[in-house]
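Here is what each chain is made of, one letter per residue.
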Amino acid sequence: MAGARFWREKSSRYNGLGAKCHNCQKVFFPPRALCDHCGRESMGKVKPFQLKGMGTLHSFSVVHDPPRGFETQIPYVVGLVEMDEGVKLTAQIVDCEPRDVQIGMRVKDVFRKVREDGRAGVIHYAYKFAPLTSPHGGATPAHTEALEAAVSGPMDGARPKQKA
Amino acid sequence: MAREVGIIGVGITKFGEVWDRSLRDLGLEAGVKAITDANVASSDIDALYVGIMSPGMFLDQEHVAPLIADWAGIAGSHIPATRVEAADASGGLAIREAWMGIKAGLYDIVMVGGAEKMTDVGDEEALETLSASVDQEWEAFFGATLPSLYAMIARRHMHQYGTTREQLAHVAVKNHMHGALNPDAQFQSKVSLDAVMSAVPVAEPLGVFDCAPFSDGAAALVLCEWERAKKIAEHPIKITGSGQAGSSLSLFARKDITTFSATRAAAEKALAMSGRGLEDIQVAEVHDSYTIAEILAVEDLGFAKKGEGGKMAESGETALGGRLPINTSGGLKARGHPLGATGIAQAVEIVQQLRGKAAGRQVKGARVGLTHNVGGTGGTALVHILEGEG
Amino acid sequence: MPVSDEIGVVSYGACIPRLRIKTEEIAKVWGKDGVAMAKGLNVHSKSVPGWDEDVITISVTAARRAMYRAEIDPSRIGAIYVGSESHPYAVKPTATIVAEAIRATPRLTAADFEFACKAGTAAIQAAMGLSKSGIIDLGMGIGADTSQGAPGDALEYSASAGGAAFIIGRDDLIARINHTCSFTTDTPDFWRREGQHYPSHGGRFTGVPSYFRHVLAASEMCMEAVGTKPEDYAYAVLHQPNGKFPVRAAKQIGFNDAQIKDGLLTPYIGNTYSASMPLGLAAILDKAKPGDRIYGCAYGSGAGADAFDITVTDGIDRMERKPGETVQAMVADAHYINYAEYAKLRGKILMAE
C-alpha cells in the first residue's frame, strides 16, 4: 500500500487538526478548504483549527464481523463522537468494556495503532477515544491554544501547508 | 408535447450464491428474459445502461458496459453502453439515466440492466467491497464497516425514538414471509422473531438476520417512449415520477443520523412530478439493506412520522394483506441484494404487481407503485413512481 | 564552556497500559506454583499492552502528558530520543512519530536508542548534553518498552509494558539533575540476536556480575562525585527487573525500605525495561516536595548503569499533578486478563497468513 495516501492525513489523524470557516464559524473535521455553507464566500477564510480532543458519544456499535486487518480485535466498538466543537467523527472507543459503552458518555482522544499493512508493511496510527476518566490522553485547553498558534497559516487544498 | 417513458419488458435471475454462473452469464440471462418479455428485437435497442457497484473489486473488471453489450449480442450495433455507479443505488440510478435519455428525445427504446457477482471473493473481501460505499479515509480506515454504520443509526434511532430490537426484527420476519412466496428470491423460508433476535451478531444491535445477504444476480428492464410503448406492449407500465437526491458521503457529516434527507428529497421530487400523493401509493419496494433501513425508509418516504417506523413494522400494515404492502418481493433481505441489480429488481417487482402478474403475492388492484433505492448510508437516493392499468 | 550551570527536568509524563496478567495465571499454564513464583520474584502481576498499544503509542502518550501539563511550546523541543528494546520498527524511528504527534516537527533532531533496559536513561543523558551545551533549548528522553519473555521462561512473569518521557532543559526546572555518570562494560548477561523473537539470558550470571556489579559501581561513583551518602536522599529508585534485585541492591548501597518504596512499581506492573527506572522516578516526582533529593540508577544488560543525583526545585509545586493522572493512578487502573487472551495479544498464537 502506498504510504503517501496515509502520510498526507497525519496532522488530522495524529493531532486532530480540522478547519474553521471564519466567515460563518463552522468547524470541519476532517479539514477542507471550502465551507459548504458559505461556498465561494469562504475562499481564503477557511483556516486550520485545532480540535481539543474531548467529546460526547453520539452513537456506537460493537463490531463482530470485521474487515481484514481487524480480526484479532473483535469484538471492538466503533462510535460516532460529537466533539465539543460541534463536529462529529467516527473512531473506535477503547479502554472500557463494550457493555459499559453508552450514548452520552464523555470521551477524550488517545493515540493508538489503527491497522498495519501486514507483518512487513507500514503501521498506521490515529485517534481513538477513551472514557474521560482514563489516566491517559486528552490535552489541557491552554495547551491547545499554543497548538492552534503553531498551525495557523493558509490551507493548501484539504490540509494546511506543511511547515517549512 | 413532453415525452413520457414506459416499461415494456422485465427480466430477472434467481438471486443467490450462483456458483456456476459468471457475471456475463447472469447479465445475459436477465437481458434475454427482458427483451423476450418486451417482444422487441435487439436491433430495436438504442442504448444500454448497466448499474453495477464494483466489478473492479469483486472481479478485477472495469469497463463492463461494453462487456455486457458484447455478451448480450448488441455490441455489433455500436449502441452507446454506459456503466452507472452509485454504490447499491446503481440500479435505481441506471433507470433514471435511461429514462432521461428517452425523455430528452435521444432514444426510443433502452435496455437497463443491473447486476453484481459477489461470491467470487471471500466473505471478508465482500464485506470490504460492500463497505467501499462509506468514507474510506474517515470511516472505513478506523474499522467502521457498512453494517456497523447502519448499526449506529439503529442505536441512535432506538435512543431518540424508543424503537426496539423487536421492531427491527419484525421487518426481517415480514420480508422473509414475502420471500417465501417469491420463486426468484434467494431465501424462500420464513424466519421467526426469535431466530432474528438471537441470530449471530454482525454489528450490534444488528445480527445476521438484520442484514441483506451477499448475492449474485441480475435484472433488466426495457424502457420505451410511451406512445410507442402503448403500441408494442400488452401491459405497459408508465414511469410517472423520478426523483434523485444526494447527501454527504459520510454518516458523521449528517446533522441527524436517524434520517436520510436524500430519501426525503428524492421522494418529494418524484411524487411532485407524478402528481401523486403518498396516499395513492398501493405497493412499494424500499431499500432494506438492513432492517433499520426499512424503518428509516417508511419514515423518510413519508408513510410514517419520524420515529414511528418501528411501530409501523410491528403493526402488520406493511405485510401482504395490510394497508401498504412493502417489499412483497422479499426485499433486499430475503429476495437478495446483488448490489447493482437491486434497483432494477425493485422495478421488476412493482411492474409485475401493476400488471397483476405477481402470482402468490399479488396486491389486488395495485395501480400505483413506488421504488426506493439507496446508496451506502444514504449518499444517494432514487425514488420512482410507476403506474399501470391495474 | 556550557551555556548554563543548571540542567534538569522541566516536565515528565508516563503511560502504563491498563491490562494486567497475574503471575499465578501464567504459572498455571506451565505447571508452576504461582504463589511461590510471585513471592520469589516479588512480582504479583504485570502490565500487558493492548492490541493497539506499542512502544510508539506509549511514547506518544507519555510525551504528550509531559508537554501538556507544563504547556510547552512544541517548537522549543530540539531533540527527541526514544530508548527501547521493542521498537515497532527495526528500521524507522519511534522518535519521529513522537515528534509528529507532539507537533515538534520539522526543526529538531531525533533518533532511537538501544541498550536493553537503560536505553531510556541513555536518551535522557543525550538530551542533557545537547540542552546544557546550548545546542538545543529543550530535549526529550523517553524510555518505553513492550518487551516479551519466552513462553515458560522466568522472564515471562516479569516482561511488561510501559513508558516515561522526560523533558530536559536549563530553565523552569521542577528537578535539577546535579550529576549523572555511568559504569559501562562488555558483559553478556542478557541479549537478543537480530531476527530472534525472544531474548536469551545467562541465568544466575545476570545477578552479581551484571546487575549488582554495575548498579553498585555507578552508585559509588555518583555519590563520590557529588559527596553524598545514602541517608542524604529522600527517595531512591533503581532499575527493577523484579521486586527482589532492587531491594537487595538498595540495602547493599545503604538505602532503607522507606526510601525505595514509592519508586518500586515492578511488583504490580512487572519490568517495563527501558521505562523501569524512569517510571519509578516519575512516580516519585508525582509526590516529591521542593528540596527532596532523589537518587536514580538504571541498569541495562550488555551492560551499563546510568546514575542520577537529582534535587527537586520549587518549580514542582507549579506543576499540574492531578490525582487521577499520577503513575499510581495508572498502576491502579488494572484490568486482568487470562493467559489465552494474553497469548493472543502478545502474538504467541500462530495465526494463518
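Residues numbered from 1 in each chain as written. Chains lettered and ligands numbered in written order. Predicted model: local features only at pLDDT ≥ 70, side-chain atom pairs only at ≥ 80, totals over all residues.

Moving on to the interface of chain A and chain B. Chain A puts 25 residues into the contact, and the matching count from chain B is 26 residues. Top element by residues in the side of chain A that touches chain B is strand S4 (residues 54-63) of chain A. It accounts for six residues. Split by residue class, the side of chain A that touches chain B holds 15 nonpolar, six polar and four charged. (Contact = placed C-beta atoms within 7 Å. Helix = DSSP H or I, 4+ residues; strand = E, 2+ residues; numbered from the N terminus. Nonpolar A, V, L, I, M, F, W, Y, C, P; charged D, E, K, R; others polar.)

Residue and element names in this part refer to chain C. Pairing in this open sheet of nine strands is mixed, and the strands run S5-S4-S6-S7-S1-S8-S13-S12-S11 from one edge to the other. Lying at the two open borders of the sheet, with one neighbouring strand each, are strand S5 (109-113) and strand S11 (235-238). Ignoring strand direction, the axes of neighbouring strands in this sheet form an average angle of 20°. Relative to strand S13 (residues 302-312), strand S8 (residues 175-187) is paired through 10 bridges, and the arrangement is antiparallel. From the neighbouring strand, Ala-175 faces S13, where its bridge partner is Val-312. Sheet strands in contact with helix H10 (residues 276-285) are strand S1 (8-15), strand S6 (138-146), strand S7 (161-169), S8, S11 and strand S12 (293-300), and its direction is about 160° off that of S11. (Pairing = 2+ DSSP bridges. Axes fitted to C-alpha atoms, helices over the stretch in contact; angles between N-to-C directions.)

This part covers the confidence of the model for chain B. Counting all residues, the mean pLDDT for chain B is 96, and 99% of those residues have values of 70 or more. In the predicted assembly, ipTM is 0.94 and pTM is 0.94. (pLDDT = per-residue confidence, 0-100.)

The figure often quoted for interface size is the accessible area lost as the parts come together. Residue and element names in this part refer to chain A. Here the domain parsing of chain A yields domain 1 (1-52 + 139-164) and domain 2 (53-138). Taken together, the contact between domain 1 and domain 2 spans 13 residues of the former and 18 residues of the latter. Of the residues in the side of domain 1 that touches domain 2, the class split is eight nonpolar, three polar and two charged. (Domains from an automatic or database assignment.)

Attention shifts here to the sheet that holds strand S2 (residues 27-28) of chain A. As summarised here, the arrangement of the three strands in space is S2-S1-S3 (chain A), forming an open sheet in which the pairing is antiparallel. For this open sheet the edge positions go to S2 and strand S3 (46-50) of chain A, each flanked by a neighbour on one side alone.

Highest in contacts among the two pairs of chains that touch are chains A and B. Taking C-alpha atoms only, the smallest gap left between chain B and chain C, which are not in contact, amounts to 12 Å.

With that settled, the discussion passes to unusual backbone geometry. Most peptide bonds are trans, and most residues other than glycine sit at a negative phi. The omega angle of the peptide bond from A:Ile74 to A:Pro75 is -5°, so this bond is cis rather than trans. Along the chain, A:Pro75 falls in the loop between S4 and strand S5 (76-83). The linkage connecting C:Gly302 with the following residue, C:Ala303, adopts the cis geometry, with an omega of 5°. Inspection of the secondary structure assignment puts C:Ala303 in strand S13. You will see that B:His63, though not glycine, has its phi angle at about 60°, which is positive. Positionally, B:His63 belongs in the loop between helix H2 (55-59) and helix H3 (64-71). B:His63 sits in the exposed class, given 10 other C-beta atoms within 10 Å. (Buried ≥ 20, exposed ≤ 12 C-beta atoms within 10 Å, placed from the backbone.)

Moving on to the pairing of strand S8 (residues 123-131) of chain A. Successive residues of a regular strand alternate their side chains across the two faces of the sheet. Residue and element names in this part refer to chain A. Counting buried positions along S8 gives seven out of nine residues, so the element sits mostly inside the fold. Note: strand S7 (residues 106-116) against S8, nine bridges, orientation antiparallel. Residue pairing in the sheet places Glu-116 in a bridge with Ile-123 of S8. Following S7, the chain reverses through six residues before pairing antiparallel with S8; Gly-118 in that reversal takes a positive phi of roughly 75°.

With that out of the way, let us pick up the pairing of S5(A). All names here are of chain A. Across the eight residues that make up S5, a large majority, seven, are buried. In this structure, S5 lies alongside strand S6 (residues 88-93), joined through six bridges in antiparallel fashion. Across the sheet, Val-81 pairs through a bridge with Leu-89, a residue of S6. Remark: four residues form the turn of the hairpin made by S5 and S6, two consecutive strands paired antiparallel; Gly-86 in that turn has positive phi of roughly 105°.

Turning to the domain arrangement of chain B, a few remarks are in order. Residue and element names in this part refer to chain B. The domain architecture assigned to chain B consists of domain 1 (5-122 + 215-237) and domain 2 (126-210 + 240-387). Placing the centre of domain 1 and that of domain 2 at their C-alpha centroids yields a distance of 22 Å. Counting residues per element, the ones that place at least two in the side of domain 1 that touches domain 2 are strand S1 (5-12), H2, helix H4 (90-103), strand S4 (109-117) and strand S7 (216-225). If one sorts the elements of the side of domain 1 that touches domain 2 by residue count, H4 sits on top with eight residues. Of the residues belonging to the side of domain 1 that touches domain 2, the class tally is 24 nonpolar, 12 polar and five charged.

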